[in-house]
Amino acid sequence: MKQTITKIRGLTVNIEIVEVCQMDQNGGILCYVAAVYVQMHGTTEKRLVRKSRLPGAAAALKVEIQRNGIRAFRELTGEVVAT
């Protein structure tokens, strides 16, 4: 079982992506889970905001954050985003 933790530091929140993947002997995926946690600065509490069983979900989230910047952080924390 392989576990990967990616931390993305922001100005107001930190995002932690935890991926767990288990593969069989032939390289096929048996189990994949990605959980996205948001942690406000100054606290130790992490809040689960998204969970996915689709392989590559964490990579898609990284691309979304790179493209949308602070807007992606606000969407994850549940803040209202004015357009």
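Cut-offs applied
Residues numbered from 1 in each chain as written. Predicted model: local features only at pLDDT ≥ 70, side-chain atom pairs only at ≥ 80, totals over all residues. Heavy atoms only, no water. Core = buried A, V, L, I, M, F, W, Y, C linked by side-chain atoms within 4.5 Å. Buried < 20%, exposed > 50% of the residue type's maximum accessible area, 1.4 Å probe, protein only. Contact = heavy atoms within 4.5 Å. Helix = DSSP H or I, 4+ residues; strand = E, 2+ residues; numbered from the N terminus. Polar contact = N/O pair within 3.5 Å; in protein donor to acceptor, adjacent residues only side chain to side chain. Salt bridge = Lys/Arg side-chain N within 4 Å of Asp/Glu carboxyl O. Expected span 1.5 Å × (residues − 1). Arc of directions from axis to C-beta.

**Brief notes about the nonpolar core**
I8, V13, I15, I17, C21, Y32, A34, V36, V38, A58, L61 and I65 form the largest nonpolar core, which has 12 residues in total. Once residues lying within four places of it in the same chain are set aside, the contact partners of A34 are V18, E19, R50, K51 and S52.

**Here we look at the environment of I8**
Mapped onto the secondary structure, I8 falls in strand β1 (residues 2-9). Taking C-alpha positions, I8 is 9.3 Å from I65, a pair spaced 57 residues apart along the chain.

**Observations concerning the side chain of N14**
Looking at the secondary structure, you find N14 in strand β2 (residues 13-23). A distance of 3.5 Å separates polar atoms of two side chains, one belonging to N14 and the other to H41.

**Topic: the pattern of salt bridges**
Summed over all chains, the structure comprises one salt bridge. For E16, the salt bridge identified is with K46, shortest N-O distance 3.0 Å. Here E16 is found in strand β2, whereas its partner K46 is found in the loop between β3 (29-40) and β4 (47-52), with 30 residues between them in sequence.

**Considerations on helix α1 (residues 57-68)**
In this model α1 runs 16 Å from its N-terminal to its C-terminal C-alpha over 12 residues, within 8% of the 16 Å that 1.5 Å per residue would give. Buried within α1 are the following residues: A58, L61, E64 and I65. The buried side chains of α1 occupy one side of the element, clustering within an arc of 115° when seen end-on. Of the exposed residues in α1, the ones pointing more than 90 degrees away from its buried face are Q66 and R67.

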